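Architecture at a glance
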Amino acid sequence: MGTEELRRLVGKLDLEQKVRLLTGATQWRVHAEPAIGLRPVVMSDGPVGVRGERWDERDTSLVLPSPTALAATWSPSLVERLGGLLAAEARRKGVDVLLAPTLNLHRSPVGGRHFECYSEDPWLVGRIGAAYIRGVQAGGVAAAAKHYVANDSETERMTLDAKVGERVLREVYLVPFEAAVRAGVWAVMSAYNGVNGVPMSESPLLASPLKDEWGFAGPVMSDWGAVHSTVASARAAQDLVMPGPHGPWGAALVTAVRAGEVSESTVDEKVLRLLRLADQVGALGTSTARPAPVSTVESELAVLRRAVAASAVLVRNEGVLPLDPTAVRRVAVLGWNAVTARIQGGGSAGVYPAAPVSPLDGIRAALAGTADVVHAVGAYPSESPTPLDPAFSRDPVSGEPGVLVRLLDAGGVELHAERRLSGRILEPAMVAGAVAVELQAVLRPPESGEWRLAVGGWGPVSLTADGLPLVDEVIVVDTDDPATVHLAPAFRAGTLAVTEGTDVHLVARRELVPGTGVATFLAADPPRRRAVDELAVAVSLASSADAAVVVVGTTDEIESEGFDRVSLALPGAQDELVRAVAAANPNTVVIVNSGGPVLLPWRDEVPAVLLSWFPGEQAGHGLADVLFGTAEPGGRLPTTWPAAAADVPVLDTRPVDGVLYYDEGLDVGYRAWLAARVSPAYWFGHGLGYTTWSYEDISVSEPDGHACSVRIRLRNTGSRRGREVVQVYLSRSDGAVGYPARWLAGFTAVTAGPGGVVDAVVDVPARMVEHWSPRGWAVEPGELTVHAGRSAGDLPLTAPVTIGD
């Protein structure tokens, strides 16, 4: 539908109707307007899956590898294919707008939402983000690029003011959003934080450069609950307030328009942009129908499995990998994360997988019938309660696996009841008059001993076991961050001695106090061995195996939305576990299951280290493919991994008096490491395959304007076919403007068989040699050095190039 037709539809609405459209109808919907043929526009969180409008474990979703993993593929084509899977999922669930991708940067490795962002390099973020957008929107579903802009950490994220210079904004933090607009993104989400003294929902950056310079034609929606003003935000280029139905616009905005504080033409422009989005997703009138899904469950799982291998980064390999599946007769798979792998990060982006595959399950499937696979935890990474597992619990009424959820009125009368599949209930079905949520389950313990039982929620909570009170207290809300309030309430626990196979009736209850959310948890954990005994069991298994695979990682308490990390160390005694296993078995492989960098103090003591990130639901199968050589580890680091926290150039994310100063300027990520002349554990771009490569020659074309093309000749010097990600960087030793020590200018991937020679061609766009000045984009004439190689710290080839005016 053309702009003039959309304007005609806007003209059919009165002021109240127009303003009504500019605040959400519900948590996830935009209002319908029958007068112009507008149905509700439905949104859902992303980016690793499409949850839909409710947190309900019965409504499962495909789960992709985390965004950091997607960036680690350095493969826009694969990411675009995965975006297409999400579009098909969205259409299946009736979702029009996917609230992704997250285009903020890995400014500091302690950023709590690191896993949901792509990279520390703005251009890599832009390339991968644009591919994701193309894939989603090719399926007729809108992507929403977020969080515009400088929302790069979680501490005080709702209120902090990011102080960022204009050149740094343009050359670093705005770059991925510009790439999103160039890719045709249909929606943008503004951030909670302020930039240079102005909340983003009121910022002039929403108008310029986003709309007037880059030509973004869609609506800018708010992050959930981020708009706190009427006139200031309405005068800005903020178009949609989410969620609804309440908010600071509504009747107050109507009054402001009639008082002349906000022009009606400004409202019209906002509605026009919203209707354009509705038209694009097929929600307006006789809009073009969206493409029909073409994938099948089998093909989707195959792509997800391939993505696990493509994103896995092999950072160290002393000849152990790949393991020969015909030569091993016993494999010890060790670690808590081996059996309960984190396939996704914590927070609002969470979804419910149908059948996640753990590393242990994947390895067992790969070696079925040929080898014995044994497991021990070895070291527990967390003391947090585990939501009740339906494998050993049942609804006391139906007898089916799971829990019984009841909504009660003030007199304790049941208003609603339903069976759910987990002890983690984020959204019970709410009914009028409900003042309490109750979870009941019959626990049949698979082992005897002292179990730890827990209830989670805010406000008054209680827990009984066979009528015996275990918990009865009030948990005071200690945060205003919505991710914590609604998704991660506190727990209170008690202990109970139980007998294997003897049923225990558990009843957990929480009162619904305004402002405390509705999430209610019932948790149960069996007895644990003493730490020294647990470690000894793991070491014993490792010493008797042909190979040991140790899976270490982080937890929801460490990497999640709503807070930044306080340490880069692995939690618990996982470092001790790795060292002990490596001493017991010379064929030890360590898989690191984290969304972002962690410290690996034992990295030179083990023969192989593989980074899996949060690998999605096909984790186990994809990692087994890599371990046993069916697939080559395809990943390259999208962010630098430090050897020690003290070495990290940009570490602290704590605002000072509400202000977070981006004093590092252009030197983010590997640029900062280069400027500091400190070597990390692993450089940005690093990653090994199962073959080796020599970089033999480089040539640079004559600049076409300010753009050029770089040709690099490589030879596969190994014994098997492989893929290499060829990276091109620029540097400049002179100049009055000031530049990073080096910066990524382009990349491509090549493949070749053993002994094969291949030419990689990397196009370097003009923007890579431009800088932002008070007059706009400019070029400082002079000579630059072109570097080519396999990482920011390993660039064997160089060539000069001279750029003119």
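Scroll up to find the structure.
As a starting point, this report considers the structure included with it. (Residues numbered from 1 in each chain as written. Predicted model: local features only at pLDDT ≥ 70, side-chain atom pairs only at ≥ 80, totals over all residues. Heavy atoms only, no water.)

Quick look at the sheet that holds strand β26 (residues 608-611)
One open sheet accounts for six strands, arranged β10-β26-β25-β24-β11-β12; its pairing is mixed. Pairing within the sheet leaves two strands with one partner each, and these edge strands are β10 (313-317) and β12 (372-376). Each neighbouring strand pair of the sheet contributes to a mean axis angle of 20 degrees, computed without reference to strand direction. Relative to β12, strand β11 (residues 330-334) runs parallel, the two sharing five bridges. Of the residues in β12, the one forming a bridge with L334 is A376. Sitting on the sheet, helix α13 (residues 359-366) touches β11, β12 and β24 (547-553), and the angle it makes with β12 is about 165 degrees. (Pairing = 2+ DSSP bridges. Helix = DSSP H or I, 4+ residues; strand = E, 2+ residues; numbered from the N terminus. Axes fitted to C-alpha atoms, helices over the stretch in contact; angles between N-to-C directions. Contact = heavy atoms within 4.5 Å.)

Some points on the pattern of salt bridges
In this structure the tally under the stated criterion is 56 salt bridges. Its salt-bridge partner being R711, residue D759 comes within 3.7 Å of it at the nearest N-O pair. Here D759 is found in strand β32 (residues 757-764), whereas its partner R711 is found in strand β29 (residues 708-716), with 48 residues between them in sequence. Assessed through its relative accessible area of 26%, D759 is described here as partly exposed. Ionic contacts of the salt-bridge type, sharing partners, join the residues R54, D56, E57, R58, E418, R420 and E427 into one network. (Salt bridge = Lys/Arg side-chain N within 4 Å of Asp/Glu carboxyl O. Buried < 20%, exposed > 50% of the residue type's maximum accessible area, 1.4 Å probe, protein only.)

Section: the packing of aromatic side chains
All told, the structure shown has 15 aromatic pairs when counted by the stated rule. Between the aromatic rings of F115 and F614, the centroid separation amounts to 5.8 Å while the plane-to-plane angle is 55 degrees, which identifies the pairing as tilted. Of this pair, F115 sits in the loop between β3 (97-99) and α5 (122-138) while F614 sits in the loop between β26 and α17 (619-627), and the two are 499 residues apart along the sequence. Pair check on accessibility: F115 and F614 agree, each one buried. Ring centres of F392 and W451 lie 5.6 Å apart, and the angle between their planes is 80 degrees; on these two criteria the pair is classed as edge-to-face. Separated by 59 residues along the polypeptide, F392 in the loop between β12 and β13 (393-394) and W451 in strand β18 (residues 449-456) bring together distant segments of the chain. Like F392, the residue W451 is buried in the burial classification. Taken together, the ring pairs connect W74, Y670, F684, Y729 and F747 into an aromatic cluster. A cation over a ring is seen here: R127 above F747, with NZ or CZ 4.3 Å from the ring centre. Between the NZ or CZ atom of R767 and the centre of the ring of W777, over which it lies, the distance is 3.9 Å. (Phe/Tyr/Trp six-rings, centres within 6.5 Å; stacked < 30°, edge-to-face > 60°. Lys NZ or Arg CZ within 6 Å of the ring centre and 35° of its normal.)

Regarding the side chain of E57
Mapped onto the fold, E57 is located in the loop between β2 (41-45) and α3 (67-72). Taking the relative accessible area as the measure of exposure, E57 reaches 9% and is therefore buried. A polar contact is formed between the side chain of E57 and the backbone nitrogen of L421, at a distance of 2.8 Å. Look past the residues within four positions of E57 in its chain and what remains in contact with it is Y352, R420, L421, S422, R424 and I425. (Polar contact = N/O pair within 3.5 Å; in protein donor to acceptor, adjacent residues only side chain to side chain.)

Looking at the nonpolar core
Counting residues in hydrophobic clusters, the biggest one holds 112 residues, and the most contacted among them are Y148, V149, Y173 and I712. If sequence neighbours within four positions are ignored, Y148 has contacts with L174, F177, V188, M189, S190, A191, M200, L205, L206, P209, L210 and W214. If you look at the next biggest cluster of nonpolar residues, it comprises 46 residues, including L6, W224, V267 and L284. (Core = buried A, V, L, I, M, F, W, Y, C linked by side-chain atoms within 4.5 Å.)

Side note on α17
Along an α-helix, residues three or four positions apart point the same way, because every turn accommodates 3.6 residues. The element α17 is extensively covered by neighbouring structure, given that eight of its nine residues are classed as buried. Along α17, the residues that are buried comprise A619, G620, G622, L623, A624, D625, V626 and L627. Following α17 by one or two positions, G629 adopts a phi angle in the positive range, close to 85 degrees.

Let's talk about the environment of G449
Summarising the element assignment, G449 is placed in strand β18. The class of G449 is partly exposed, set by a relative accessible area of 23%. Once the C-alpha coordinates of G449 and L487 are considered, the two residues, 38 residues apart in sequence, prove to be 30 Å apart. Setting aside its immediate chain neighbours within four residues, G449 contacts L496, A497, V498 and P527.

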